[in-house]
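A look at the structure
Each chain, letter by letter, is given below.
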Amino acid sequence: QVQLVESGGGLVQAGGSLRLSCAASGIIFSIRAMDWYCQAPGKQRELVARITRSGSTNYADSVKGRFTISRDNAKNTVYLQMNSLKPEDTASYYCHTTYDGMDYWGKGTLVTVSS
């Protein structure tokens, strides 16, 4: 059974940093692309960052230069380092992958950035 468990969210002042973690189980982690999505209240869930199995990354324009996605295949964990946070980054952040033709999501971790 595939499980994704996020952690690391919290309340931070604008300009601050947080590091989110997503621990995966039930999959061969090293061969999967992993994503971070965010969803703000009243808005659609949107892709923040993606890392492929080879380590290639891409980012939403709104976070380029501020967020960094990385992975540790030995720990089956993907990270999202969030720097220079802005109030508009306030959202729930979700880990996502596809496996065996199905989408899997974590339950999310809330990030709140105060001005």
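Predicted model only: the values in this text are computed from it and were never measured.

What about the overall build of the protein chain?
Regarding its fold elements, the protein chain presents zero helices and 11 strands. Reading the protein chain from its N end, one meets helices and strands in the order β-β-β-β-β-β-β-β-β-β-β. Computed over C-alpha atoms, the radius of gyration of the protein chain comes to 13 Å, within 12% of the 13 Å expected from 2.2 N^0.38 for 115 residues, which places it in the range of a compact globule. For the C-alpha atoms alone, the extent of the protein chain along its principal axes is close to 40 × 25 × 20 Å.

Concerning the side chain of Glu6
Inspection of the secondary structure puts Glu6 in strand S1 (residues 3-7). In this structure Glu6 is buried but unpaired, with Arg45 as the nearest side chain of opposite charge at 7.3 Å. Here Lys107 takes part through its backbone nitrogen, which lies 3.1 Å from a polar atom of the side chain of Glu6. Sequence-distant contacts of Glu6, defined by excluding residues within four places in its chain, comprise Ser21, Cys22, Trp36, Tyr93, Tyr94, Cys95, Gly106, Lys107, Gly108 and Thr109.

Observations concerning the state of the cysteines
On inspection of all chains with the given rule, the structure shows one disulfide. There is a disulfide in this structure between Cys22 and Cys95, and the S-S distance comes to 2.1 Å. Disulfide Cys22-Cys95: torsion about the S-S bond near -85°, hence left-handed. Highlighted residues: Cys22 in strand S3 (residues 18-25) and Cys95 in strand S9 (residues 91-99), separated in sequence by 73 residues. The class for Cys22 is buried, based on a relative accessible area of 0%. Take Cys38: it sits in no disulfide, and the sulfur closest to it among the cysteines is that of Cys95, at 14 Å. Judged by relative accessible area, which is 11%, Cys38 ranks as buried.

A word on the pairing of strand S5 (residues 46-51)
Bridge count for strand S4 (residues 34-39) against S5 is five bridges, and the pairing is antiparallel. Bridge pairing in S5 places Tyr37 opposite Leu47. Once S4 ends, the chain turns through six residues before running back antiparallel as S5, passing Gly42 with a positive phi of about 75°.

Some words on the packing of aromatic side chains
In the structure shown here, the tally under the stated rule is one aromatic pair. Ring centres of Tyr37 and Trp105 lie 4.9 Å apart, and the angle between their planes is 70°; on these two criteria the pair is classed as edge-to-face. Of this pair, Tyr37 sits in strand S4 while Trp105 sits in strand S10 (residues 102-105), and the two are 68 residues apart along the sequence. Judged by its relative accessible area of 35%, Trp105 is partly exposed. Note that Arg45 overlies the ring of Trp105, its terminal NZ or CZ placed 4.7 Å from the centroid.

Side note on the nonpolar core
Core analysis: the biggest nonpolar cluster contains 28 residues, and Trp36, Val48, Val78, Leu80 and Tyr93 have the highest contact counts within it. Secondary structure elements with two or more residues in this core: S3, S4, S5, strand S7 (67-72), strand S8 (77-82), S9 and strand S11 (109-114). If near-sequence neighbours (up to four positions away) are discounted, Tyr93 is found in contact with Glu6, Leu20, Trp36, Tyr37, Cys38, Val48, Phe67, Leu80, Met82, Gly108, Thr109 and Val111.

Cut-offs applied
- Residues numbered from 1 in each chain as written.
- Predicted model: local features only at pLDDT ≥ 70, side-chain atom pairs only at ≥ 80, totals over all residues.
- Heavy atoms only, no water.
- Helix = DSSP H or I, 4+ residues; strand = E, 2+ residues; numbered from the N terminus.
- Rg over C-alpha atoms; globule rule 2.2 N^0.38 Å.
- Buried < 20%, exposed > 50% of the residue type's maximum accessible area, 1.4 Å probe, protein only.
- Lys, Arg positive; Asp, Glu negative; His and termini not counted.
- Salt bridge = Lys/Arg side-chain N within 4 Å of Asp/Glu carboxyl O.
- Polar contact = N/O pair within 3.5 Å; in protein donor to acceptor, adjacent residues only side chain to side chain.
- Contact = heavy atoms within 4.5 Å.
- Disulfide = S-S within 2.5 Å.
- Pairing = 2+ DSSP bridges.
- Phe/Tyr/Trp six-rings, centres within 6.5 Å; stacked < 30°, edge-to-face > 60°.
- Lys NZ or Arg CZ within 6 Å of the ring centre and 35° of its normal.
- Core = buried A, V, L, I, M, F, W, Y, C linked by side-chain atoms within 4.5 Å.

All we've got here are geometric facts, nothing functional implied.
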